[in-house]
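Each chain, letter by letter, is given below.
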Amino acid sequence: RSVNIVAFGNESDGFSENNHQPSLICSYLRRSALISQIDSSLSAGHLGNPVFTEYQACVFGNVRLVVHDCPVWDIFDSDWYTSRSLIGGADIIVIKYSVNDKTSFQELKESYIPMIKKALNHSSVPVIISAIGARKNGVTCTCPLCTSDRRSCVTTSEGVQLAKELGATYLELHTLNDFYIQKYFGGVLEYFMIQSLNQKSSEKMKRRKKTQKCHRVQPPQLEQPEKMPILKGEASHYNADLHNLLCCCQCADVAFYSEDLSMVVEAHKVILCSVSPLFMLLFEVKSPADIPDASIVRTARSLFAVDVGAAFNPPPRGVPPCVPPLRVVVKDSVFCSCLPDILHFIYSGAFQWERLEEDIKKKLKDPEETEQVLEKVKCILKTPGKLNTVKDCRSHQIKRLYNTSLRLFFNTPVLADVIFKIQGATVPAHRAVLVARCEVMAAMFNGNYLEANSILVPVYGVSKDTFLSFLEYLYTDSCCPASILQAMSLLICAEMYQVMRLQHICELYIITQLQSMPSRELASTSLSIVSLLKKAKFHNSDCLSTWLLHFIATNYLIFSQKPEFQDLSVEERNFIEMHRWPSNLYLKQLAEYRNYIHSQKCHCAVM
């Protein structure tokens, strides 16, 4: 058994002629009748500097007493590691100061008490604050170096206030005689030493009881279930798909010509109309009365002229749509020379405005012509009432125009050139969008298939609602399934048409919904997880099927009680049994522990 005491501070006021008087700690150790076998040594700190005196002695007969007396507060500045170690190992802390050295007290209060509080960190170590000396009412020194009133006294109220801040015991020792050292200071110190020994005995007893408990049979530890595989989403390639459509010129239904017919650029009405009311006016999707901005109407008439003799007329139902593209003459030759760059800008998402500026500047070389072309592009792209200034025509502003994009033409007959027949209903669509966004449909409409030369295309194997959700994704690059079953139907449709990103989106939706289900809802739901697993495997959704196997294994106690559990294959059952939670080993150990508790006729604290 041992008691560790740490003392900080100096009893001397720094002005007394006799500064070699024994310290408070040294005087107590020498005079107390309870102390024996005193040994002292000068010890160094962490940095090798001698900063404190270490005393070792015996108290109460056989208790080892270790005292570290640190008269210099600089230890907190020069060697924080040592000071923190001393406070951390202390059972009792003593803070000393002279009542006649106000400057040292102020330094203690402002600089070092906060450090001690930080090192204590709300621990219950008792602290004794000792105010030493009789207050002197001498004349204050008048030299310039003493303007801080160094000789003024520390009042009792200031000492009591400091003790309150630390939760300490405050003592005033007017002199270091036998009464103040042995009976007053010594009595308080010995009380705290006894308290410390009692606390250590109590903690030792608790540790002994805990050790005895450890020798008993312990309940088995239930480990956490295995981490299920994480699915990562696939980046969107919506803009890239539309840009590739322009490059390959599949399903083009409009051709722009220069006035001398020496240049031709093919494009797609639905793409152009999705970003520009001017093209809607040009292709008669809207009338001039529908466009409130007169500048758009003027620009359309001054910039383009439709070749009426070659206008696009929709063929009768069932007739192959092998009709030449609508011919549009570009009246402005300078604008016509920049048209390929402008179309690349539009098909790439219509938000890389700065890049378009650079491309046109390089091509035209003339600043005035460049500005005129850019103004016309702004007029083509702008929404009536918006984007009226050059500073508005930045990438982050232009991008807003394209956010709605092709949604305007989803499930509408406007400009539609193909009609899907499904479950007795018809769904209009646009070949250009389908070819750009779906490789299977690109092959279907451009290869040697019946659909390539037909307007009416039947669809089998999916419901109308699921197919509409699939088309909505192709047009808008987003989907919002209403349920897990609808997401699975959409996943099957996405696998049928090989749209992998949509398949991954549906997988993530299903996983997110299942993870959010509480155990009680999972046990009572009519949704068959095993059926989802079978469908995921059949439609090559490897990520989802692997995740569902882990999900069933993690919730083994729930799914093993359901009839559908018997529909799992032998291979699936083996995987689930291998990765089940809780494991068979844990349940075996738990049964053994229960038998042991029952045999001991004790109450099981775990169960």
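From a predicted model like this one, the values you see are computed outputs, not experimental measurements. (Residues numbered from 1 in each chain as written. Predicted model: local features only at pLDDT ≥ 70, side-chain atom pairs only at ≥ 80, totals over all residues. Heavy atoms only, no water.)

**Section: helix α12 (residues 353-364)**
Along its 12 residues, α12 runs 17 Å from first to last C-alpha, staying within 8% of the 16 Å computed at 1.5 Å per residue. For α12, the complete set of buried residues consists of Trp353, Leu356, Glu357, Ile360 and Leu364. Relative to the axis of α12, the buried residues are bounded by an arc of 100° and lie together on one face. Residues of α12 that are exposed and angled more than 90 degrees away from the buried face: Arg355 and Lys362. Lys365 sits one or two positions beyond α12 and adopts a positive phi of about 70°. (Helix = DSSP H or I, 4+ residues; strand = E, 2+ residues; numbered from the N terminus. Expected span 1.5 Å × (residues − 1). Buried < 20%, exposed > 50% of the residue type's maximum accessible area, 1.4 Å probe, protein only. Arc of directions from axis to C-beta.)

**Regarding the pattern of salt bridges**
All chains considered together, the criterion is met by 17 salt bridges. Between Glu172 and Arg135 there is a salt bridge, and its shortest N-O distance comes to 3.0 Å. Note that Glu172 is positioned in strand β7 (residues 169-173) and Arg135 in the loop between β6 (127-132) and α5 (156-166), a separation of 37 residues in sequence. Its relative accessible area of 15% is what places Glu172 among the buried residues. Across the pair Arg580 and Glu577 runs a salt bridge whose closest N-O atoms are separated by 3.7 Å. The exposure class of Arg580 is buried, given its relative accessible area of 9%. The exposure class assigned to Glu577 is partly exposed, which follows from its relative accessible area of 29%. (Salt bridge = Lys/Arg side-chain N within 4 Å of Asp/Glu carboxyl O.)

**Re the pairing of strand β9 (residues 264-267)**
Because side chains alternate across β9, one face comprises the buried residues Val265 and Ala267, and the other comprises Val264 and Glu266, none of which is buried. Examined bridge by bridge, strand β8 (residues 254-258) and β9 share 4 bridges and lie antiparallel to one another. The residue bridging Ala255 from the neighbouring strand is Glu266, located in β9. Linking β8 to β9, which pair antiparallel, is a turn of 5 residues; within it Leu261 sits at a positive phi near 60°. (Pairing = 2+ DSSP bridges.)

**Let's talk about the packing of aromatic side chains**
Per the counting criterion, the structure on display carries 21 aromatic pairs. Geometrically, the ring pair formed by Phe256 and Phe279 is edge-to-face, given 6.2 Å between the ring centres and 70° between the ring planes. Of the two residues, Phe256 sits in strand β8 while Phe279 sits in helix α9 (residues 277-282), which places them 23 residues apart along the sequence. For the pair shown, Phe256 and Phe279 are each scored as buried. Seen in terms of ring centroids, Trp547 and Phe551 are 4.9 Å apart; in terms of plane orientation they differ by 15°. Their pairing is stacked. (Phe/Tyr/Trp six-rings, centres within 6.5 Å; stacked < 30°, edge-to-face > 60°.)

**What about the sheet that holds strand β12 (residues 418-422)?**
Ordered in space as β13-β12-β14, the 3 strands form an open sheet in which the pairing is mixed. In this open sheet, the two edge strands, each paired with only one partner strand, are β13 (425-429) and β14 (456-458). Strand-to-strand, the axes of this sheet are offset by a mean angle of 30°, without reference to chain direction. Strand direction decides the pairing type here: β12 and β14, joined by 3 bridges, are parallel. Bridge pairing links Lys421 to Pro458 in β14. (Axes fitted to C-alpha atoms, helices over the stretch in contact; angles between N-to-C directions.)

**Here we look at the packing of α12 against helix α13 (residues 367-381)**
Axis separation between α12 and α13 bottoms out at 9 Å; the angle between their running directions is 145°. α12 and α13 meet at a crossing whose hand is right-handed. Every residue of α13 that contacts α12 at Trp353, Leu356, Glu357, Ile360, Lys361 and Leu364 is listed here: Glu369, Thr370, Val373, Leu374, Val377 and Lys378. Here the residues of the contact of α12 with α13 sort into 7 nonpolar, 1 polar and 4 charged. (Left-handed = near helix turned anticlockwise from the far one by under 90°. Contact = heavy atoms within 4.5 Å. Nonpolar A, V, L, I, M, F, W, Y, C, P; charged D, E, K, R; others polar.)

**Points about the pairing of β6**
Counting buried residues in β6 gives 6 out of 6 residues, a clear majority hidden from the surface. Here β6 shows no split at all, with Val127, Ile129 and Ala131 on one side and Ile128, Ser130 and Ile132 on the other all buried. In this sheet, β6 lies alongside strand β5 (residues 92-98) in parallel orientation, the contact comprising 6 bridges. Within the sheet, the bridge partner assigned to Ser98 lies in β6 and is Ile132. In the classification by handedness, the crossover that spans β5, the intervening helix α4 (residues 102-120) and the parallel β6 is right-handed. (Right-handed = clockwise from strand over helix to strand, strands pointing away.)

**So, the environment of Leu171**
Within the fold, Leu171 resides in strand β7. Put simply, Leu171 and Lys96 are 75 residues apart on the chain and 9.7 Å apart in space, counted from C-alpha to C-alpha. In this structure, Leu171 is in contact with Ile128, Ile129, Ser130, Ala131, Tyr184, Phe185 and Val188, ignoring residues within four places of it in sequence.

**What to know about the side chain of Asp417**
One can find Asp417 in the loop between α14 (395-402) and β12. For the buried residue Asp417, which engages in no salt bridge, the nearest side chain bearing the opposite charge is Arg431, 4.4 Å off. From its side chain, Asp417 meets the backbone nitrogen of Arg431 in a polar contact 2.8 Å long. Setting aside chain neighbours within four positions, we find Asp417 in contact with Ala429, His430, Arg431 and Ile455. (Lys, Arg positive; Asp, Glu negative; His and termini not counted. Polar contact = N/O pair within 3.5 Å; in protein donor to acceptor, adjacent residues only side chain to side chain.)

**A few points about the confidence of the model for the chain**
Taken residue by residue, the chain gives an average pLDDT of 83. The fraction at 70 or more is 85%. Note on residues 144-150: pLDDT under 50 across the span, and 9 contacts to partners over four residues away in sequence or across chains. (pLDDT = per-residue confidence, 0-100.)

**So, the state of the cysteines**
According to the stated counting rule, one finds 0 disulfides in the structure shown. The cysteine Cys479 is free of any disulfide, with Cys506 supplying the nearest cysteine sulfur at 5.0 Å. (Disulfide = S-S within 2.5 Å.)

**Side note on a negative patch on the surface**
Judged by side-chain charge, Asp74, Asp77, Glu107 and Glu110 come together as a negatively charged surface patch. Within the secondary structure, Glu110 sits in helix α4. (Patch = residues over 30% accessible without salt bridge, like charges linked within 9 Å, V, L, I, M, F, W, Y side chains within 5 Å. Areas by Shrake-Rupley, 256 points an atom, 1.4 Å probe, with all protein chains shown as cover. Charge placed at Lys NZ, Arg CZ, Asp CG, Glu CD.)

**What about the nonpolar core?**
Formed by 113 residues in total, the largest nonpolar core has its most connected members in Phe256, Phe279, Phe304, Phe420, Phe467 and Phe470. The leading source of residues in this core is helix α11 (residues 333-347), at 9 residues. Leave out the neighbours within four places in its chain, and Phe304 touches Phe256, Leu278, Phe279, Leu282, Val328, Val329, Val330, Lys331, Phe335 and Ile380. (Core = buried A, V, L, I, M, F, W, Y, C linked by side-chain atoms within 4.5 Å.)

**Description of the side chain of Thr370**
Here Thr370 is to be found in helix α13. The contacts of Thr370, once residues within four sequence positions are left out, are Ile360, Lys361 and Leu364.

**Considerations on unusual backbone geometry**
Following Trp581, the chain continues to Pro582 via a peptide bond in cis, the omega torsion being 0°. The residue Pro582 is located in the loop between α24 (570-579) and α25 (584-599) in this model. In the Ramachandran plot, Leu261 falls in the positive-phi region, its phi being about 60° despite a non-glycine side chain. Locating Leu261 in the fold gives a position in the loop between β8 and β9. Exposure remark for Leu261: the relative accessible area of 48% places this residue in the partly exposed category. Within the chain, Gln498 stands out as a residue other than glycine whose phi angle is a positive 60°. Examined against the element boundaries, Gln498 turns out to sit in the loop between α18 (484-496) and α19 (500-515).

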